[in-house]
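# Chain and residue survey
Chain by chain, the residues:
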2 protein chains.
Amino acid sequence: MKIKDMKTVLKIIVFLFCISLTAQSINQKDSTQMRSIYTEALTKGRTYNWLNYLSKNIGARLAGSKANEKAVTWAKSELDKLKLDRVWLQPVTVPVWVRGEKEEAHIETAHGNFKVNICALGGSIATSKGGLLAEVIEVKSLKEVEELGDKVKGKIVFFNRAMPADKIETMRAYGASVDQRYSGARVAGKYGAVGAIVRSMNLKIDNFPHTGSMSYGENTENEKIPTAAISTNGAELLSKLLEQKDEMKLKFYFKQSCENLPEAESFNVIGELKGSKYPNEIIVVGGHLDSWDLGEGSHDDGAGIVQSMEVMRIFKELRIRPKRTIRVVLFANEEFGLSGGKAYAAEAEKKKENHIVALESDSGGFTPRGFGFTANDENYNQVLKWKSLFEPYNIHIFARGGGGADIGPLKKDNNVLLGLRPDSQRYFDYHHTDADVFEAVNKRELELGAATMASIIYLFDRYGIKTGK
Amino acid sequence: MKIKDMKTVLKIIVFLFCISLTAQSINQKDSTQMRSIYTEALTKGRTYNWLNYLSKNIGARLAGSKANEKAVTWAKSELDKLKLDRVWLQPVTVPVWVRGEKEEAHIETAHGNFKVNICALGGSIATSKGGLLAEVIEVKSLKEVEELGDKVKGKIVFFNRAMPADKIETMRAYGASVDQRYSGARVAGKYGAVGAIVRSMNLKIDNFPHTGSMSYGENTENEKIPTAAISTNGAELLSKLLEQKDEMKLKFYFKQSCENLPEAESFNVIGELKGSKYPNEIIVVGGHLDSWDLGEGSHDDGAGIVQSMEVMRIFKELRIRPKRTIRVVLFANEEFGLSGGKAYAAEAEKKKENHIVALESDSGGFTPRGFGFTANDENYNQVLKWKSLFEPYNIHIFARGGGGADIGPLKKDNNVLLGLRPDSQRYFDYHHTDADVFEAVNKRELELGAATMASIIYLFDRYGIKTGK
């Protein structure tokens, strides 16, 4: 290396030193503001009371249901009370599916019947009124069904690949298994199966069946078959009994009366604080107001709803006047087709609104661990500089990749989508089941999530994003 | 800066680069081993079944109780099954305190009585058989009692300073409040109070009273007064009613029949894998086998017990032959005087054993977040080099300070004490109450803790510590 190069190296070092000094002075104000935000959320937070109301007084609120309408009215009225600059409802057309009567199921054997817990998957058709009884064939993958081909004809295909427990993030274990739920009936139906039973997306062995969306894809009416999730306990039992299938004369029976109804109208509930300096730069924070029809939708996504509302409340309460426009969006119908997210993005596109940042919380109300970012290098590098500000709050994960289903349609080349990353270990104990109730949410964990969201929204508002211009 | 200096800078850069290469090759083997450890714990782990047995078949196991004896027998037999090199019991003399009949308490007013939930604090004396009825004076600190002086005479002092919710780590909120529980009765008794009621160490508002140890210090027999914890709901009610004390003619009544009995014999349960290369360097991993007499002691400290046992099982199962001696110690009586930890350290001292490392898990079976280390600079810097190995498992906290009550007496100038740091948000929902039961523990969170402990024990075994020689 030449002396000239060395001089350049030294210049760079001095430059980096200066940057670090600037960063330090910025950080002092930011860390003070963040401390206020966390204190507000932990000592005077509203998330827990809001979630209590949403869970217990409204409860499960599938798109198109009466409860969903109640949730829209409640959310708008709570946002109104916050005295934001503007609160409004954005109409969204949503598909409607209803579960009907409680499902019934049992394993029929030569030694008697064994009752098991199932629930129809969202979008599934009903069985005939008397139910469906057929022999069972157990598989571990969609591919296995394709390989079996005609052999599944007239049978119930039982998808029983467990979520892989060795994944550290349970979301990855979910991603590795959920194709069975979403596409199992479509594939089995194509080969002439008469029903599809899917092991619940659950890492625990318990009695809760987990619902969730499924799709028949391009299947003909004939190829559409009823499908349901079975609890992990039920799946284990069925699999065990299938080992002696012939001797047992084993058949599976289930009955469900779910149906798809005509579309209905629902709403995205939106509130905003107008930016004082760059009102056209919009920062969104949100979650989805709908839930599945089991439990109370407290983690999924009641938590994200009340945390997003709390971000706005904290800005108002602490008199943080944003430079950019901050908008809370409580999306309609995420669970059954993403209608709210699509409608919101379509209107934003039509109005040529500039959404620079969108943050979603839709991974449960557990202790926040960090964020996942979908951003270009320049913007990702900017957020990495904020990481140390979050250290005192035990927020460590600033990962690449992530965002949320509802905000996905807002993605542009230069904007930033991010998702809150709560601890994922308990999420699938509750997800889409009767167990997803208010009592499963810890007050402090929920509040810490809200404070973490408010903090990063505060930073994005203060510093904006890099537009690459 | 002179050219000579620049050359030095460059040399340092090259040197740092070489170090990073070496570190990389070390890390490859270590990261592979750690992946195996986590997979073993998450897919074939025994912690959850062990904890189920310990919680449901043995349950609460206060030092000196029959259940504690059962726990000792069970733990030894489970360690025997692991075929360690040696398993033994170390006798420990423990104080014995029994709760007696379930406590009764109510707030007596002109408008009727309000029943509240209390539990005697560990070490407290009983009330008289008919119970104790007296006027109440509410305080927020020990100091306030000292300032009140004679005014507390004949009264029940009600310590009602809440745990501060704005602390991020709940352990710090506990540390900021627990003086009321430990010393409240001692101080109030000195000034002539007849009883002391302490707001439970709980960040939630609920109906569980939280027990825990207290001390009369050097108080005379006359200055010893009965003391109990009141649930946070009870504390809120009492405080509210006290606002209209005179109009209400408010008094507090409680009755408890607890007593201190003669000392008994218990045991530390110990198992070890002999080191192949440095058998005299001992690495301890442990928790405490006793619990309070409420609930099932599942988080406190059943979790730490089964995690410590699991570390040994994983070493055996994965055939990791340690270079140093690894010893699991399930300590007797942590809760009521630390007898096991003191006895263990005393014998180690007598035998001139060289304990280089001791790890304790005694903060609940929640998602592990990291460790707290009590170590000199040299050893702390060594563990910091391992931090990146833990990144894939979302273990981020490598803090200074920490260890555990039981291993505390093992501290030497150059050795390393460390404590597992699980997420702390839910700990005081359960701590020392009827709510600390098996169902409050999540299987994966428990397992991740065990794998995290096994991983750092593996690293300490592989690299030893810096002895500063």
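Since the structure is predicted, the reported quantities are computational estimates derived from the model, not experimental observations.

### Digging into the packing of helix 2 (residues 47–58) of chain A against helix 13 (residues 443–463) of chain A
All names here are of chain A.
- Here helix 2 crosses helix 13 at 115 degrees, and the two axes come no closer than 9 Å. The orientation of helix 2 with respect to helix 13, classified from their angle, is roughly perpendicular. In contact with Thr47, Tyr48 and Leu51 of helix 2, helix 13 contributes Lys443, Leu446, Glu447 and Ala450.
- In the contact of helix 2 with helix 13, the residues fall into four nonpolar, one polar and two charged.

### Describing the environment of glutamate 169 of chain B
- Looking at the element boundaries, glutamate 169 of chain B is found in the loop between strand 7 (156–159) and helix 5 (170–175).
- What makes glutamate 169 of chain B partly exposed here is the crowd of 19 C-beta atoms within 10 Å.

### A few points about the confidence of the model for chain A
- With 94% of its residues at a pLDDT of 70 or more, chain A shows a mean pLDDT of 95.
- Under the prediction, the complex receives an ipTM of 0.93, its pTM being 0.94.

### Looking at the environment of aspartate 423 of chain A
- Position of aspartate 423 of chain A relative to the elements: it lies in the loop between strand 17 (416–422) and helix 12 (427–430).
- The class for aspartate 423 of chain A is buried, based on 25 C-beta atoms found within 10 Å.
- Sequence-wise, aspartate 423 of chain A and alanine 185 of chain A are 238 residues apart; in three dimensions their C-alpha atoms are separated by 32 Å.
- If sequence neighbours within four positions are ignored, aspartate 423 of chain A has contacts with Phe366, Thr367 and Arg369 of chain A together with Thr367 and Asp423 of chain B.

### A short note on the sheet that holds strand 17 of chain A
Residue and element names in this part refer to chain A.
- The strand order across the open sheet built from eight strands is 1-11-13-12-14-17-15-16, with neighbouring strands paired in mixed fashion. Unpaired on one side and paired on the other, strand 1 (86–98) and strand 16 (397–400) mark the two borders of the sheet. With direction set aside, neighbouring strand axes in the sheet form an average angle of 20 degrees.
- As judged from the eight bridges shared by strand 12 (residues 278–288) and strand 13 (residues 324–331), these two strands associate in the parallel manner. Across the sheet, tyrosine 278 pairs through a bridge with arginine 324, a residue of strand 13.
- Relative to strand 16, helix 11 (residues 377–390) is tilted by about 170 degrees, and along the sheet it contacts strand 15 (368–374), strand 16 and strand 17.
- Contacts from helix 13 reach strand 12, strand 13, strand 14 (354–360), strand 15 and strand 17, with the element oriented near 160 degrees to strand 12.

### Comments concerning the interface of chain B and chain A
- Taken together, the 26 residues of chain B in the interface contact 26 residues of chain A.
- For the side of chain B that touches chain A, the elements supplying multiple residues, two or more each, are helix 1 (3–44) and helix 14 (443–463) of chain B.
- For the side of chain B that touches chain A, the leading source of residues is helix 1 of chain B, giving six residues.
- Here the side of chain B that touches chain A is built from residues that sort into 11 nonpolar, seven polar and eight charged.

Reading guide: rules and limits
- Residues numbered from 1 in each chain as written.
- Chains lettered and ligands numbered in written order.
- Predicted model: local features only at pLDDT ≥ 70, side-chain atom pairs only at ≥ 80, totals over all residues.
- Axes fitted to C-alpha atoms, helices over the stretch in contact; angles between N-to-C directions.
- Helix = DSSP H or I, 4+ residues; strand = E, 2+ residues; numbered from the N terminus.
- Parallel < 35°, antiparallel > 145°, perpendicular 65-115°, else oblique.
- Contact = placed C-beta atoms within 7 Å.
- Nonpolar A, V, L, I, M, F, W, Y, C, P; charged D, E, K, R; others polar.
- Buried ≥ 20, exposed ≤ 12 C-beta atoms within 10 Å, placed from the backbone.
- pLDDT = per-residue confidence, 0-100.
- Pairing = 2+ DSSP bridges.

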